Amino acid sequence: MATIVKAAALIDGTGRETVRDVSVLIADGRFQRIVTGAGSGLPSDAEVIDVGANTLLPGLIDAHEHLGLRHERGYERGQMLDPEHEIAFRMAKSARENIEAGITSVRIAGDKNHMDVVCKKYIDEGYIPGPRVYTAGAGIRPSHGHGATATTIGDGVDGVRRAIRESVAKGSHHIKLFVTGGTGTIGTDPLISYFTREEIAAGIEEAHNVGRRTMAHIHGGPGADYAIEAGLDSVEHGAYLTEAQVEKMIKHGTWLVPTLTVSFHERPQPDHRPPEVIEKGRLARAARAEQMPWVIRSGLKIAAGCDSWHGEVAMEMELFCEFGMTPMRAIQSATRDAADLLGELHDIGTVEVGKRADLIAVEGDPLADISAARNVRLVLRDGIRFV
Ligand SMILES: [Zn+2]
């Protein structure tokens, strides 16, 4: 059964200007034709969804997602220590919030015990509504690094290699390394590299050997240099990156997923995080407010990700724009560019013939006001309607 989605406007994610009065033909879960005007030659027996004055966009992508972590449940380490049967229900809620907000793909940044692989299976089989899940498994850290029992331990070069092989065997699409300390847990320093240079280089090589891209939790300090120089694909967070490190990232083609939503979203009151974590969060927020304008101006490749906040890609795009990004680039950071970072641009990220039919409609013009991306009126993933 074919579907035609008609709309007054389409921003297709490629960077070209808005297409007016458009009809998008979908069949077999993919875009078949994109035509303007009367749409002659389209099948007369197709189901027609007319979204009127709304704007079509590619399905959004959250490039840094922990389905099992939820901001409203307080301290992250405690959440990671929860038993799997509790985490499973949180993941189902996060999955639904994503798809209802027009997020049709998520790039996992680590979920306990490879539960993201299980969650993906049940979404794919239609048991629960959700986005397409690109899995990372549990993520890999050294014994004394940021994270908790949710992660796989990789100590020493051999230990890191073994952990990566295990993660790939369990179904990881890409590999997550926890390099520096975090702002979300107690007892680690965001500027210290808990992995050695050798462990980082071995980990990236091991992953790339089998065609897996690498993402690393890094705030700054020497761990950033070790990882960028070793060919890391993306720095996650990066609150304390220096100008020299950003220049190095541009030279090496490294992406940044700054996850600003974590720093700037209003926290529920009372805030149940430990005082040390609240203070580290305050410092990171101040650092980012100073840093993001020049990082955005530098031309560094940036993708949108929301971490333990779900369905908030629109807010991440708003923050990008507040710090100087154009609305078009912000849209691409959550569509085309995030797909490119995933290595999946051939399949998702833009509305082009042959790609998966991930399509949303929003009320308003997000190029005039990026907040329009919050007003989701239609969501198709693989041509299946969720909203
Ligand atoms: Zn994270």
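Refer to the structure printed above.
Conventions we followed
Residues numbered from 1 in each chain as written. Predicted model: local features only at pLDDT ≥ 70, side-chain atom pairs only at ≥ 80, totals over all residues. Heavy atoms only, no water. Donors = N, O, S within 2.8 Å, 3.2 Å for Na, K, Ca; no water. Buried < 20%, exposed > 50% of the residue type's maximum accessible area, 1.4 Å probe, protein only. Pairing = 2+ DSSP bridges. Helix = DSSP H or I, 4+ residues; strand = E, 2+ residues; numbered from the N terminus. Axes fitted to C-alpha atoms, helices over the stretch in contact; angles between N-to-C directions. Core = buried A, V, L, I, M, F, W, Y, C linked by side-chain atoms within 4.5 Å. Contact = heavy atoms within 4.5 Å. Salt bridge = Lys/Arg side-chain N within 4 Å of Asp/Glu carboxyl O. Disulfide = S-S within 2.5 Å. Expected span 1.5 Å × (residues − 1). Bend = angle between axes of the 7 residues up to and from the residue.

Caption draft 1: Structural context of the coordination of the zinc ion. Within the protein, the atoms that donate to the zinc ion are His64 (NE2), His66 (NE2) and Asp307 (OD), at distances of 2.0 to 2.3 Å. Look at where the donors of the zinc ion fall in the sequence and you get H-x1-H-x240-D. Assigned by exposure class, histidine 64 and histidine 66 land together as buried.

Caption draft 2: Representation of the sheet that holds strand E6 (residues 60–65) in the model. Taken together, three strands build an open sheet; the order of strands is E6-E7-E8 and the sheet is parallel. Bordering the open sheet on either side are E6 and strand E8 (132–134), each of which pairs with just one other strand. Shown here is a sheet whose adjacent strand axes are inclined to one another by a mean of 20°, direction ignored.

Caption draft 3: Main features of the nonpolar core. Within the largest apolar cluster, 70 residues are counted, with the highest numbers of intra-cluster contacts made by Leu177 and Met317. Ranked by residues supplied to this core, first place goes to helix H10 (residues 313–322) with seven residues. Residues contacting methionine 317, with those up to four places away along its chain left out, are Leu60, Ala330, Ile331, Ala334, Ile370 and Ala373. Membership of the second largest hydrophobic core comes to 17 residues, among which are Ala7, Val22, Val51 and Leu359.

Caption draft 4: Expanded view of the pattern of salt bridges. Enumeration over the complete set of coordinates arrives at 29 salt bridges. Measuring nitrogen to oxygen at the nearest pair gives 3.0 Å for the salt bridge that ties arginine 70 to glutamate 97. Within this pair, whereas arginine 70 is found in the loop between E6 and helix H1 (76–81), its partner glutamate 97 is found in helix H2 (residues 84–100), the two being separated by 27 residues in sequence. Residue arginine 70 is classed as buried on the basis of its relative accessible area, which comes to 4%. Each of Arg30, Arg132, Asp347, Arg356, Asp358, Arg381 and Asp382 takes part in one network of salt bridges that share partners.

Caption draft 5: Representation of the pairing of strand E5 (residues 55–58). Of the two faces of E5, the one holding Thr55 and Leu57 and the one holding Leu56 and Pro58 are both buried throughout. Two elements, strand E1 (residues 3–10) and E5, share two bridges in a ladder whose sense is parallel. When the sheet's bridge partners are listed, leucine 10 is paired in E5 with leucine 56. Where E5 lies against strand E15 (residues 359–362), four bridges are found, and the strand directions are antiparallel. Each residue of the ladder has a partner; that of leucine 56, found in E15, is alanine 361.

Caption draft 6: Focus on the state of the cysteines. This structure, assessed with the given rule, holds zero disulfides. The thiol of cysteine 119 is not disulfide-bonded; the next cysteine sulfur, from cysteine 306, is found 17 Å away. The closest cysteine sulfur to the non-disulfide-bonded cysteine 321 is located on cysteine 306, 14 Å from its own sulfur. Looking at cysteine 321, the relative accessible area reads 19%, which means it is buried.

Caption draft 7: Spatial organisation of helix H9 (residues 275–297). In this model, H9 (23 residues) spans 34 Å end to end at C-alpha, consistent with the 33 Å of a helix rising 1.5 Å per residue. The largest bend along H9 reaches roughly 40° and is located at glutamine 291, with the proline proline 293 sitting one to four residues downstream. For H9, the complete set of buried residues consists of Val277, Lys280, Gly281, Ala284, Ala287, Arg288, Gln291, Met292, Trp294, Val295 and Ile296. Looking at the packing, one finds that the buried side of H9 touches strand E13 (234–237), helix H7 (243–252), strand E14 (255–257), helix H8 (260–264), H10 and helix H11 (327–333). Looking one or two residues beyond H9, the residue adopting positive phi is glycine 299, at roughly 90°.

Caption draft 8: How the structure looks around unusual backbone geometry. Put simply, glutamine 269 and proline 270 share a cis peptide bond, and its omega is -5°. Relative to the helices and strands, proline 270 is located in the loop between H8 and H9. Although it is not a glycine, histidine 114 sits at a positive phi angle of roughly 60°. Inspection of the secondary structure puts histidine 114 in the loop between strand E7 (103–108) and helix H3 (115–124).

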